[in-house]
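# Notes for the structure review
Each chain is listed here by its residues.
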Amino acid sequence: MYELLTGPMLWLAFTVSVVGLALRIVMYIRGLDWKLDRVAYRPHMGAGLKGAFRSILAFIVPFANRSWRTKPGFTIMFFAFHIGLLGVPLFLEGHAVILKERFGIGWPAMSMAAADLLTIVTLVAAGFMCLRRLVLPEVRIVTDIRDWAVMIISIAPFVTGYVAVHQYGDYGFWLNAHIITGLIWIAALPFTKLFHVVGFFLSRAQLGMDFGIKRGGMNYEGFHW
Amino acid sequence: MPEGKLCNRKPINTEEYLQEVLSDTGGKQYYAEMEELDVDVPKLQAALKNTLKSRTKTWLDMCAHCGLCADACFLYEVNGKDPRQVPAYKIQSTLGEIVKRNGEVDNEFMRHCMDVAWSQCTCCNRCGHYCPHGIDMGVMFSYLRGLLFSQGFVPWELKIGSGMHRVYKAQMNVTTEDWVETCEWMADEYSDDWPGLEIPVDKVGADIMYTCNAREPKHYPEDIAEAAILFHLAGENWTVPSEGWEQTSLTMFAGDWEGCTMQVNNVYAAIERLKPKRVFGTECGHAHRASAIEGPYWAGRPDGQPPAPFRHYVEWVAEALREGKIKIDPAKRIKRPVTLQDSCNYVRNWGLGSITREIISYLVEPGYFIDMAPNREHNYCCGGGGGFNGVGKYRPQRNVALRKKRDQILATGAELVIAPCHNCWDAIRDLEEEYHIGIEWSFLKPLLIEMAIVPDHLKPRDE
Ligand code: SF4
Ligand code: SF4
Ligand code: SF4
């Protein structure tokens, strides 16, 4: 089972994910339309890219824009959540071992204690995000079932992984559960709102180009996000 | 599929039809007919297929439902943080539904969409800056307005506004003759005080071509005279076109994209005919957006640029002051609390926040200028943008919307608000009428004329 899941199934999940995401990126870019979007992308690529870069940077760095600054509590939780969500799976020792064994890739790993801590931080932040959805009227009104689904898909590998590593129950069961939920997460990237792993960059780049090219960026200092 | 006589899917292209709709006071019959108007589903589906491309699709699909855009919207704030005013909710419950149901929507739903699109969003684009994904609801609402317009679900006044542009090439029935006459009349009227004052019409190859808002010739022609006086003072070589002088676009507010193209092409034809070095538009935010920012795209210009550099009036003022073409008498500088309204359409959408403050530094004695908070790119809409000011049906909602600007102004303690935007100027006038906060408001032009040093050779000779 373990062999199957971390071998062919892992390949499959990765393939689905990479191909799916690549297709969506291509479709997104091809679907941009200078006339309908009202942005002359091509003739002003330089100004556009500059705007795109600034726009991405402003939102990828904590507190680099006014939106983050006006909501410091949210910002901290948001970044804790995302750093954990990406950092733990990428740099966990167990994962590095699989990468080495299966694919021969040498990969840096973090200590077990660090991974534990980060997992807990991620789960606490996730709890906060869920609470927000339930408590704040302005978030509750936009929340739908898909938002909960995405949350569950994202959190499941963390919960199962944590239980497995700490051997709170049947190790074999939890390990398999962890791997399966992890594979689901990977394969779901192109088909759910998890698409934002790349969609964020595309969308931010587009709006950045809009400001960089059309909305004053070519005449004046760039937009202060 | 019954279409009404006044309310239907056909835009107003003839004077007769325009008169008919106009004579329906308050749009009584128009709105009654709207309740019966069928949705042309195949047409709506075709529109979605042709125009709903990756940007809008991705925005609708990817919204994280995080609610970060809520506080960004002044309408959410002034309406007691009503969750139904959360930008993401507003767009998803309207455009989002239309897309989800692939256009299979009914009359009632379309009328609901109309209410939301014109009374719950001024397309000020502020929320887009607060959304981590860069989802700009202002852009999407503008798109939704286009769909609604094409189905006939558009407020009465904006149907008329769009028709005005289509019939008269101006938002009001100002004909070429009216316009040229007004220019002559104004030059004449003010020539006693300003010897040699001219409003040159159709001069080819001038340094500046000046365009304006049809409400100036119609309702406050002195604004044109003031522009002329300032160009005269600055010694500019300028002109106005006899055709293509109107740069506003109610068609943009209405979502009438074909009308937008017609309107802006008219201005661009004037540029191409008169070949000025630069074009300056009047103190109007949406006019600038329509003719300089979005206009090139409606006109199908692949480089996104108008035929000649097209600048906003505040850019000319800053330049004239900076280069000393107009000098301010230090004794006349404003010495009472004053603040500035940042127009979304040229500050957020054209980067002019610093330019307007440079102007302030010449006009206002240090210590008397108090900025609103927030300001520049992060300012709030005046409350009357996006056509809100003009739609009678939504007057109560508009009056509530004005409260944000009222509170911002009150917090500055200013007595005077400088508002270099027609629409903002109107909104501030209306908010004074509605709430009596005891403020004055002004365009830049009268202030400049009041404060400028007039060189001896331009002064009237005393007898
Ligand atoms: S801030 Fe953006 S992602 Fe969040 S709810 Fe609003 S539109 Fe959606
Ligand atoms: S564009 Fe302006 S008015 Fe419209 S939803 Fe966004 S913030 Fe509100
Ligand atoms: S009227 Fe002025 S402040 Fe209001 S939306 Fe238009 S530009 Fe912005």
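Not measured: the values here are computed from a predicted model. (Residues numbered from 1 in each chain as written. Chains lettered and ligands numbered in written order. Predicted model: local features only at pLDDT ≥ 70, side-chain atom pairs only at ≥ 80, totals over all residues. Heavy atoms only, no water.)

## So, the packing of aromatic side chains
Tallied over the full model, the rule gives 26 aromatic pairs over all chains. Considering the side-chain rings of Tyr313 of chain B and Trp316 of chain B, the 5.6 Å spacing of their centres and the 40° angle between planes classify their relative orientation as tilted. Taken together, the positions of Tyr313 of chain B and Trp316 of chain B, both in helix α17 (residues 313–322) and 3 residues apart, correspond to about one turn of that helix. Overall, Tyr313 of chain B belongs to the buried group, its relative accessible area being 0%. Through a chain of ring-to-ring contacts, the aromatic side chains of Phe59, Trp68, Phe74, Phe78, Phe79, Phe211, Phe223 and Trp225 of chain A assemble into a single cluster. Above the plane of the ring of Trp225 of chain A lies Arg204 of chain A, whose end atom (NZ or CZ) is 4.8 Å from the centre. (Phe/Tyr/Trp six-rings, centres within 6.5 Å; stacked < 30°, edge-to-face > 60°. Helix = DSSP H or I, 4+ residues; strand = E, 2+ residues; numbered from the N terminus. Buried < 20%, exposed > 50% of the residue type's maximum accessible area, 1.4 Å probe, protein only. Lys NZ or Arg CZ within 6 Å of the ring centre and 35° of its normal.)

## A closer look at the site of ligand 2
In the vicinity of ligand 2, the residues found are Cys73, Phe74, Leu75, Pro87, Lys90, Cys121, Thr122, Cys123, Cys124, Asn125, Cys127 and Gly138 of chain B. Grouping the amino acids of the shell around ligand 2 by side-chain chemistry returns 8 nonpolar, 3 polar and 1 charged. (Near = heavy atom within 4 Å. Nonpolar A, V, L, I, M, F, W, Y, C, P; charged D, E, K, R; others polar.)

## Remarks on the sheet that holds strand β3 (residues 278–281) of chain B
Backbone-to-backbone hydrogen bonds pair the strands of a sheet. The strands run either parallel or antiparallel. Residue and element names in this part refer to chain B. As summarised here, the arrangement of the 4 strands in space is β2-β1-β3-β4, forming an open sheet in which the pairing is parallel. Only two strands of the sheet have a single partner each, and these edge strands are β2 (238–239) and β4 (310–311). As defined by bridge partners, strand β1 (residues 208–211) adjoins β2 across 2 bridges and the pair is classed as parallel. In the strand pairing of β2, Met209 is matched with Thr239. Sheet contacts for helix α14 (residues 257–274): β1, β2, β3 and β4; angle to β1, the most-contacted strand, approximately 155°. Most of the contacts of α17 go to β3, to which it runs at about 110°, and overall it touches β1, β3 and β4. (Pairing = 2+ DSSP bridges. Contact = heavy atoms within 4.5 Å. Axes fitted to C-alpha atoms, helices over the stretch in contact; angles between N-to-C directions.)

## A closer look at helix α12 (residues 222–234) of chain B
Residues and elements named next belong to chain B. In this model α12 runs 18 Å from its N-terminal to its C-terminal C-alpha over 13 residues, within 8% of the 18 Å that 1.5 Å per residue would give. The buried count for α12 comes to 12 of 13 residues, which makes it a mostly enclosed element. Those residues of α12 that sit buried are Asp223, Ile224, Ala225, Glu226, Ala227, Ala228, Ile229, Leu230, Phe231, His232, Leu233 and Ala234. (Expected span 1.5 Å × (residues − 1).)

## Some points on the site of ligand 3
The environment of ligand 3 is formed by Gln341, Ser343, Cys344, Asn345, Cys381, Cys382, Gly385, Cys421, Asn423 and Cys424 of chain B. Here the residues of the shell around ligand 3 sort into 5 nonpolar, 5 polar and no charged.

## Quick look at the confidence of the model for chain B
Residues and elements named next belong to chain B. Taken as a whole, chain B shows an average pLDDT of 95; of its residues, 99% reach a score of 70 or greater. Between the elements of chain B, mean pLDDT differs from a low of 93, seen in helix α11 (residues 215–219), to a high of 98, seen in helix α7 (residues 107–119). Two numbers describe this predicted complex: its pTM, 0.95, and its ipTM, 0.94. (pLDDT = per-residue confidence, 0-100.)

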